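Structural overview
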Amino acid sequence: MKPSKTSALETEVSELKTLVSNLLNKVNKLTSENTALREEIRHLKKLKGQPRIRPNKKATQDGKDNEDSKPASASGNTPPPKSKRPRPQQPGRTAKPSPSSIREEVCLAEDVQGSWKSKGYKDFTQVDVNLEFTTTRYRREVWLTPEGQTVIAPLPAHVKGRFGDNLTAMVLDLYHSCSVTQPLLLDWLHSHGCPISEGKLNDLLIHGHEQFHQEREDILETGIACSRVLLVDDTGARHDGKNGYCTVIGNETFTVFASTSSKSRVNFLTLLQGQRRSHVLNPVAISYMKQVELANKWVDVLSVYGETHFLDKAAWEAFLNDHQLFPKEQRRKATEAVLKAGLLNNGFPEAMIIHSDGARQFDTAFEHSLCWFHASRPLAKLIPANKQERAARDWMEKQYWHLYDDIEAYCLNPTAARKAEIKQDFNRWVTTQVDFPDLCYVLGKLYRAREELLLILEYPWLPLHNNLSERQIREYVKRRKISGGTRSSLGQSCRDTFASLKKTCRLHAVSFSRYLKDRISGTGTIPRLSDMVREKSVQLMNRSAYEF
């Protein structure tokens, strides 16, 4: 029996309804996905979304608005956003200094009458400059003795060369403080009537500065010996047409720059040694080898030598070659071990803490503290796909900065109970379960770094961030953008040296221009910077925290 036409029509209608329903579901799904993608694009482009207009408040019977009394938090106080939270303001670095000298001149009024009464003076201060290059010709007497010997009158004691101390100091100040390039500096000198050649200008910039190089080394040695924490960072620095790196080492008392071709852990340990390079194989080195999991075969081979000192890097490399320790990774770990042992043998503080942005070349040899600002960057870089993921990311980031504020308050008044509470809050926060895979991955990384982030609870004088070294190394970034890189090794050393001296002078409120004049002229009125570093370190040791 054939099905009736009515039955067939009902079947077709049912199939069409199913098809339409499926298509509507697919359209709704695509619409939701399209909306989410548009929101993501708007978020990435930092565009404003749709305005959220709150509904009007309902007026009460007495005509007054009904105030929303619902608190935003349990305490009833809503903390402002991180960027708007009040912070203690440090004295501005752009504040004008006091005049170095004042010349007074009395201005007399005209047509003074006898009946007038004098009311003293009203001061007006004008600042001006008289920039003038002077060339002095010293006519030195020449005599010839009966024996045929020529005698020439000596130059005055302050004359050390063709160009005076003030000119040399000004050239160095303009080049290193004002970031003036060498061609522009030469053009400026010529436009003001200074008879100097391009070659001689280059000589003034890089030659004859041994005293400055030595003072930089003294600053590094004294700064390390008097410090509890070192803030470190690095950036790119081209040299001789090749990419290299510049590492900054310092804290609130000193700053030292060092440019090298590598930024490995071996390079960092070598920089910490300064001028006293030392490779020592002893129980400290063996312990480090075990810590970094050097192969047991090589640990057993090197352990039999006890206390062994190597003259230099070449002697250590030859020792490794004699024992056929050629694998690159194993060789690196062994070298790190002898460098660390050499540091401690030279008096490097074993309890030193290295504070960095999380770069791996800084985190193994000594106790390591992590910058909270850098640790938060992966949270800010997350790209949520929908409102739920964005809300989860924003909430976790907000709680992160609440923890930051709690630790900042703890450092001012540390207690054992508060320390335990903050640790518990951090562990609870970092183990929060969220339906956002990328956020879970970031939280996992922060969980593994929790000991470095919370080290400040053990040492409240540690900084929470690495802003100081970031500001200091910006000097090199600015110079790299303006001048590119250096060509000669002497030019590279001078750039490191004068950048170190300038930043250290600024930390101690010493005029870099006056410092240069003092050192070049040999006056000696400004104390050694290493002595200033030692004195300020003693003052900071008596405080509960550094003021970064």
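In what follows, the accompanying structure is described. Just so you know, these numbers come straight off a predicted model, no measurement behind them.

Let's shift gears to the overall build of the chain. What the chain contains, in helices and strands, is 19 helices and nine strands. A buried classification covers 39% of the 548 residues belonging to the chain. Long-range pairs, those at least 24 residues apart, make up 67% of the contacts in the chain between residues at least 6 apart in sequence.

Right, let's talk about the sheet that holds strand S4 (residues 245–250) for a bit. The five strands lie next to each other as S5-S4-S3-S8-S9, forming an open sheet whose pairing is mixed. The sheet terminates laterally at strand S5 (255–260) and strand S9 (367–370), the two strands that pair on one side only. Direction aside, neighbouring strands of the sheet carry axes that sit 25° apart on average. Judged from the six bridges that link them, S4 and S5 form a sheet pairing that is antiparallel. Its bridge partner lying in S5, Val 248 is registered against Phe 257.

Bringing the pairing of strand S8 (residues 353–356) into the picture now. Of the two faces of S8, the one holding Ile 353 and His 355 and the one holding Ile 354 and Ser 356 are both buried throughout. With four bridges joining them, S8 and S9 adopt parallel strand pairing. Residue pairing across strands places Ile 354 opposite His 368, the latter belonging to S9.

Turning next to the environment of Arg 38. With respect to the helices, strands and loops of the structure, Arg 38 is situated in helix H1 (residues 5–44). Judged by its relative accessible area of 53%, Arg 38 falls in the exposed class. Between the C-alpha atoms of Arg 38 and Ala 385, which are 347 residues apart in sequence, the distance is 10.0 Å.

What follows deals with the packing of helix H7 (residues 283–291) against helix H8 (residues 296–303). The geometry of H7 relative to H8 is characterised by a closest axis approach of 10 Å and an angle of 175° between their N-to-C directions. Here H7 lies roughly antiparallel to H8, going by the angle between them. Residue-level contacts link Ile 286, Met 289 and Lys 290 of H7 to Val 299, Leu 302 and Ser 303 of H8.

This part is about the packing of aromatic side chains. Across all of its chains, the model carries 21 aromatic pairs by this definition. For the ring pair Tyr 305 and Phe 319, a centre distance of 5.1 Å and an interplane angle of 80° mean the geometry is edge-to-face. Within this pair, whereas Tyr 305 is found in the loop between H8 and strand S7 (308–310), its partner Phe 319 is found in helix H9 (residues 313–322), the two being separated by 14 residues in sequence. Clustering of aromatic rings is evident, with ring pairs tying together Trp 372, Phe 373, Tyr 400, Trp 401, Tyr 404, Phe 426 and Trp 429. Over the face of the ring belonging to Tyr 447 we find Arg 450, whose NZ or CZ atom lies 3.9 Å from the ring centre. Against the face of Tyr 175 rests Arg 479, its NZ or CZ located 4.5 Å from the ring centre.

Below, the discussion takes up a nonpolar patch on the surface. There is a patch of nonpolar side chains on the surface, built from Leu 16, Leu 19 and Leu 23 and spanning about 280 Å² of accessible area. With respect to the helices and strands, Leu 19 occurs in helix H1. Given the relative accessible area of 45%, Leu 19 is considered partly exposed.

Proteins that are soluble and globular tend to have nonpolar side chains buried together. If you look at the biggest cluster of nonpolar residues, it comprises 72 residues, and the most contacted ones within it are Leu 230, Leu 272, Leu 281, Met 289 and Tyr 515. Of the residues forming this core, the biggest block, six residues, is contributed by helix H10 (residues 328–345). Setting aside anything within four residues of it in sequence, one finds Tyr 515 in contact with Phe 212, Glu 215, Leu 501, Cys 505, Val 510, Ile 526 and Leu 529. By size, the runner-up hydrophobic cluster in this structure holds 37 residues, among which are Leu 370, Ala 375, Leu 382 and Leu 403.

Of all the positions in H7, only Ala 285, Ile 286, Tyr 288 and Met 289 are classed as buried. All buried residues of H7 lie within an arc of 160° about the axis, which places them on one face of the element. Facing away from the buried surface of H7 by more than 90 degrees, the exposed residues are Pro 283 and Lys 290. Residues of H7 that are buried in the fold lie against helix H6 (265–273), strand S6 (279–281), H8 and H10. For H7, the side-chain oxygen to backbone nitrogen distance between the N-cap and Val 284 is 3.1 Å, and the N-cap itself is Asn 282. Trailing H7 by a residue or two, Glu 293 shows a phi angle of about 60°, which is positive.

The next subject is the pattern of salt bridges. Evaluated as defined, the whole model comprises 22 salt bridges. Note that Glu 215 and Arg 519 form a salt bridge whose closest N and O atoms lie 3.1 Å from each other. In this pair, Glu 215 sits in helix H5 (residues 210–225) while Arg 519 sits in helix H18 (residues 512–521), placing the two residues 304 residues apart along the sequence. We classify Glu 215 as buried; its relative accessible area is 1%. A cluster of three or more residues bridged by salt bridges with shared partners is formed by Arg 265, Glu 329, Arg 332, Glu 336, Arg 360 and Asp 363.

Rules behind the numbers
Residues numbered from 1 in each chain as written. Predicted model: local features only at pLDDT ≥ 70, side-chain atom pairs only at ≥ 80, totals over all residues. Heavy atoms only, no water. Helix = DSSP H or I, 4+ residues; strand = E, 2+ residues; numbered from the N terminus. Buried < 20%, exposed > 50% of the residue type's maximum accessible area, 1.4 Å probe, protein only. Contact = heavy atoms within 4.5 Å. Pairing = 2+ DSSP bridges. Axes fitted to C-alpha atoms, helices over the stretch in contact; angles between N-to-C directions. Parallel < 35°, antiparallel > 145°, perpendicular 65-115°, else oblique. Phe/Tyr/Trp six-rings, centres within 6.5 Å; stacked < 30°, edge-to-face > 60°. Lys NZ or Arg CZ within 6 Å of the ring centre and 35° of its normal. Patch = residues over 30% accessible without salt bridge, like charges linked within 9 Å, V, L, I, M, F, W, Y side chains within 5 Å. Areas by Shrake-Rupley, 256 points an atom, 1.4 Å probe, with all protein chains shown as cover. Salt bridge = Lys/Arg side-chain N within 4 Å of Asp/Glu carboxyl O. Core = buried A, V, L, I, M, F, W, Y, C linked by side-chain atoms within 4.5 Å. Arc of directions from axis to C-beta. Polar contact = N/O pair within 3.5 Å; in protein donor to acceptor, adjacent residues only side chain to side chain.

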